[in-house]
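Spelled out, the chains give:
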Amino acid sequence: MRLSARLQYARLHWKRLMWTTVRDTLSWLFVMITVLGSLIAFLPKEGAQRLQNGVSFCWTHFFLFVLILVVLTIVALLVNWPRTKAVYKDKNTDIRVIVECCDLLQQKGTKVIHMVDTFDTELGRIISPQSLHGVFLQICKEKQIPIDDVLNVQLAKHKPLKDDPSLPGKTRKYMLGTICPIDIEEERFCCVAFTKLQPNGTIEISKSDYIRCLKSMWRNLADPRIRGEELNVAVMGNRFVDLPAEFSTEQKIDLMIQTFFAMAREKACCRTLRICVHPNNISEIDFEPYPVIIEHLAKRPVI
């Protein structure tokens with residue numbers, strides 16, 4: 001039985017998270033065993049000889065070894081089990097911001113889908129099937145949603161920036177941050193022009209474009225016809241987009257939070273913002289101090 005695009009994306013998400021946990025646990029366990037071996041090596045010569053030669057095998061020693069190994073494994077798991085969530089609630093506005101390693105498609109509320117600025121729907125040549133954009137298009141296909149027709153209806157409300165015949169696929173480019181709300185079986189998705197499609201088929205966005213896009217997106221999402229109680233936005237990864245190497249996951253999250261609160265001073269687009277982090281990037285984030293970091297970012301002046 002073929003899994004749906006949504007289930008395939010969820011399975012891949014948790015598979016990567018578990019692999020990261022197992023890898024870090026095994027590394028930590030190897031270090032602990034190495035340390036124990038080194039301690040034995042530093043024992044007095046007589047004691048080391050007794051450990052190496054003078055102790056005959058018996059089941060008691062075997063079970064003791066297994067017990068030590070199990071205890072070390074449990075400790076390694078506890079140490080390396082990923083902290084995957086940070087929650088902050090603003091005391092003045094009651095707005096909640098959640099930074100979490102989670103599958104965006106499994107969350108309640110409005111789901112933001114990053115798209116190129118032409119709102120292209122061609123899988124393979126332009127859009128990677130493994131990207132969030134690609135998975136969303138596969139969901140539309142499974143649900144028999146005529147996504148091009150739906151997008152065209154929404155885009156008719158917006159004036160395109162220009163028509164670029166050199167682009168592969170669709171040629172009309174729209175302003176970054178342009179929103180196209182789409183309802184699929186009582187689920188609200190908001191397709192957002194988030195990156196710039198280039199004539200050679202690559203996808204790019206500069207840091208300044210990223211900030212302008214976020215500001216425009218928060219402002220458009222605050223429209224009463226679109227606004228919802230919960231909003232889910234994924235952190236854009238570097239895998240499918242050409243971003244500066246120094247533009248880290250934490251920097252992208254910080255800018256999302258800072259621009260969100262800057263726009264919320266005018267009009268908030270939701271009561272709860274969930275920023276969804278991909279498992280591939282979980283090692284780049286320390287979730288424990290994030291509530292304090294979010295509080296600091298919320299008070300910083302407008303960028």
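First, a word on scope: everything that follows refers to the structure included in this document. (Residues numbered from 1 in each chain as written. Predicted model: local features only at pLDDT ≥ 70, side-chain atom pairs only at ≥ 80, totals over all residues. Heavy atoms only, no water.)

## Considering unusual backbone geometry
Among all residues save glycine, negative phi is the norm, and among peptide bonds the norm is trans. Of note in the backbone geometry, Phe119 takes a positive phi value of approximately 55° without being a glycine. For Phe119, the location among the structural elements is in the loop between strand 3 (110–116) and helix 4 (132–142). Despite not being glycine, Glu185 shows a phi value in the positive range, around 50°. Looking at where Glu185 falls in the secondary structure, it is placed in the loop between strand 6 (179–184) and strand 7 (187–197). (Helix = DSSP H or I, 4+ residues; strand = E, 2+ residues; numbered from the N terminus.)

## Description of the pattern of salt bridges
This structure, assessed with the given rule, holds 13 salt bridges. Measuring nitrogen to oxygen at the nearest pair gives 2.7 Å for the salt bridge that ties Lys173 to Asp117. Highlighted residues: Lys173 in strand 5 (residues 172–173) and Asp117 in the loop between strand 3 and helix 4, separated in sequence by 56 residues. The class for Asp117 is buried, based on a relative accessible area of 3%. With its nearest N and O atoms 2.8 Å apart, the salt bridge here joins Arg125 to Glu122. Using a relative accessible area of 28% as the deciding quantity, one classes Glu122 as partly exposed. Salt bridges sharing common partners tie together Glu100, Glu230 and Arg274. (Salt bridge = Lys/Arg side-chain N within 4 Å of Asp/Glu carboxyl O. Buried < 20%, exposed > 50% of the residue type's maximum accessible area, 1.4 Å probe, protein only.)

## Points about the pairing of strand 6
Of all six residues making up strand 6, five are buried, and the element is well covered by its neighbours. In this structure, strand 6 lies alongside strand 7, joined through six bridges in antiparallel fashion. Residue pairing in the sheet places Asp183 in a bridge with Arg188 of strand 7. Two successive antiparallel strands, strand 6 and strand 7, enclose a turn made up of two residues, where Glu185 displays a positive phi of approximately 50°. (Pairing = 2+ DSSP bridges.)

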